[in-house]
Amino acid sequence: MTTIKVGIMPIPDCATVPAAEKEGYFAAEGLRVERVIVQGGGIAMPKLQSGELQFAIMNYVAAIQKEAVAPGTIKLVTDAYQAAPNAFVLMVPGDSPIRSVSELRGKRISVLTLNSVGTLTLEAALKVAGLTKDDVHISEMKVTDMGVAMDRGQIDAAWMTEPFITGYGLSGGRKLADMMDGQTEDLPIAGWATSDEFARANPGTVAAFQRAMLRAQADVASDRQLVTNLLPTYTKIDKNAASSITIGVFPLDLAPSRIQRVADLMREYDYISKKVDVTKLLVPPPPSSTPPSDSVLPSSPGPSQGGAP
């Protein structure tokens, strides 16, 4: 057995790892997985490069930014998560006078990390409303602190993902806008990454990881109940919340055309200074694990509940 350390976050995006463990897919490939909790792709990046982690969840914005400044550093080996309606939203307190994105001028908005998918999709929503990032005050904040900060009046709105959307809704919060709409509809969110150095030195381990993950990805993509059952085992989402939160899509292949959308959007909003060809970031799966062409199965997302309309 080969032991690998895999960086995951306690969010629905990472359901594939516990699914692969539960079904024995890693063991069947000769892999023993040690999970390591990471705060995000930016935190995982240096851990991959140092060898502290062999694989990690990686949002596409962080991966593409790295490719733009240090080509060939990071490789994406499987897809992980894609947006669905109401899976990533801008929340406000229930008693907030703000009723539309166009009313955010001069307001304080928190995101998980700066220069990320959160800020990118926020900028796209602001543009539709006739605003820019310079018209608001954007700050970085842990998602676990956002609800309290809004209730105390420290910030006016927050970019949230599940289960925090439903949690804040149950405490009186209200959805202001879906961050994955219009230009950002169905936007690819994250994939599983490794370092270029590890990929070149350990192609067999990478292929084994890909095969196990693709089998598990197909399971979670087609079975909402499996995701519901898994979430309480690696997140703080309880069983009742797990059955009602909105879950995104689990794609079955690293389709360059989809992921290129993220790079092109980043170029439009000056996150990168030149066009990035995402095919240079991708490690194709071994032929035996390649899914049918254009296969992206929805995870039958449930309705978002609570105060979100």
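## What about helix α4 (residues 60-69)?
Burial analysis of α4 places seven of its ten residues in the buried class, the great majority of the element. Of all the residues in α4, the buried ones are Tyr60, Val61, Ala62, Ala63, Ile64, Glu67 and Ala68. Where α4 is buried, its residues meet α3 (41-50), β3 (55-59), β4 (74-82), α5 (117-128), β10 (188-195) and α12 (256-268). Measuring from the backbone nitrogen of Val61 back to the side-chain oxygen at the start of α4 gives 3.2 Å, which picks out Asn59 as the cap.

## A closer look at the packing of aromatic side chains
Per the counting criterion, the structure on display carries six aromatic pairs. With centroids separated by 6.1 Å and ring planes inclined at 15°, the aromatic side chains of Phe26 and Phe209 adopt a geometry described as stacked. One end of the pair, Phe26, is in helix α2 (residues 25-28); the other, Phe209, is in helix α9 (residues 203-222), and 183 residues separate them in sequence. Ring centres 6.2 Å apart and planes at 70° place the aromatic pair Tyr81 and Phe88 in the edge-to-face group. Under the relative-accessibility criterion, Phe88 is labelled buried at 3%. In textbook terms, an aromatic cluster arises when at least three aromatic residues are bridged by ring pairs, as seen for Phe26, Phe55, Phe198 and Phe209.

## Here we look at the environment of Glu123
Here Glu123 lies in helix α5. Glu123 sits in the buried class, given a relative accessible area of 10%. On a C-alpha basis, the gap between Glu123 and Ala70 in space is 25 Å, while along the polypeptide they are 53 residues apart. Setting aside anything within four residues of it in sequence, one finds Glu123 in contact with Lys133, Tyr269 and Tyr271.

## Comments concerning the nonpolar core
Judged by nonpolar contacts, the single largest core of 98 residues is most densely connected at Ile64, Leu104, Trp192 and Phe209. Examining the composition of this core, we find that eight residues originate from one element, α9, more than from any other.

## Description of the packing of α4 against α12
Put simply, α4 and α12 touch, their axes get as near as 10 Å, and they point 65° apart. Of the possible angle classes, the one that applies to α4 and α12 is roughly perpendicular. The two elements α4 and α12 meet at a crossing, and its hand is right-handed. Every residue of α12 that contacts α4 at Tyr60, Val61, Ile64 and Gln65 is listed here: Ile259, Val262, Ala263 and Met266. In terms of residue class, the contact of α4 with α12 is built from seven nonpolar, one polar and no charged.

Conventions used here
- Residues numbered from 1 in each chain as written.
- Predicted model: local features only at pLDDT ≥ 70, side-chain atom pairs only at ≥ 80, totals over all residues.
- Heavy atoms only, no water.
- Buried < 20%, exposed > 50% of the residue type's maximum accessible area, 1.4 Å probe, protein only.
- Helix = DSSP H or I, 4+ residues; strand = E, 2+ residues; numbered from the N terminus.
- Contact = heavy atoms within 4.5 Å.
- Polar contact = N/O pair within 3.5 Å; in protein donor to acceptor, adjacent residues only side chain to side chain.
- Phe/Tyr/Trp six-rings, centres within 6.5 Å; stacked < 30°, edge-to-face > 60°.
- Core = buried A, V, L, I, M, F, W, Y, C linked by side-chain atoms within 4.5 Å.
- Axes fitted to C-alpha atoms, helices over the stretch in contact; angles between N-to-C directions.
- Parallel < 35°, antiparallel > 145°, perpendicular 65-115°, else oblique.
- Left-handed = near helix turned anticlockwise from the far one by under 90°.
- Nonpolar A, V, L, I, M, F, W, Y, C, P; charged D, E, K, R; others polar.

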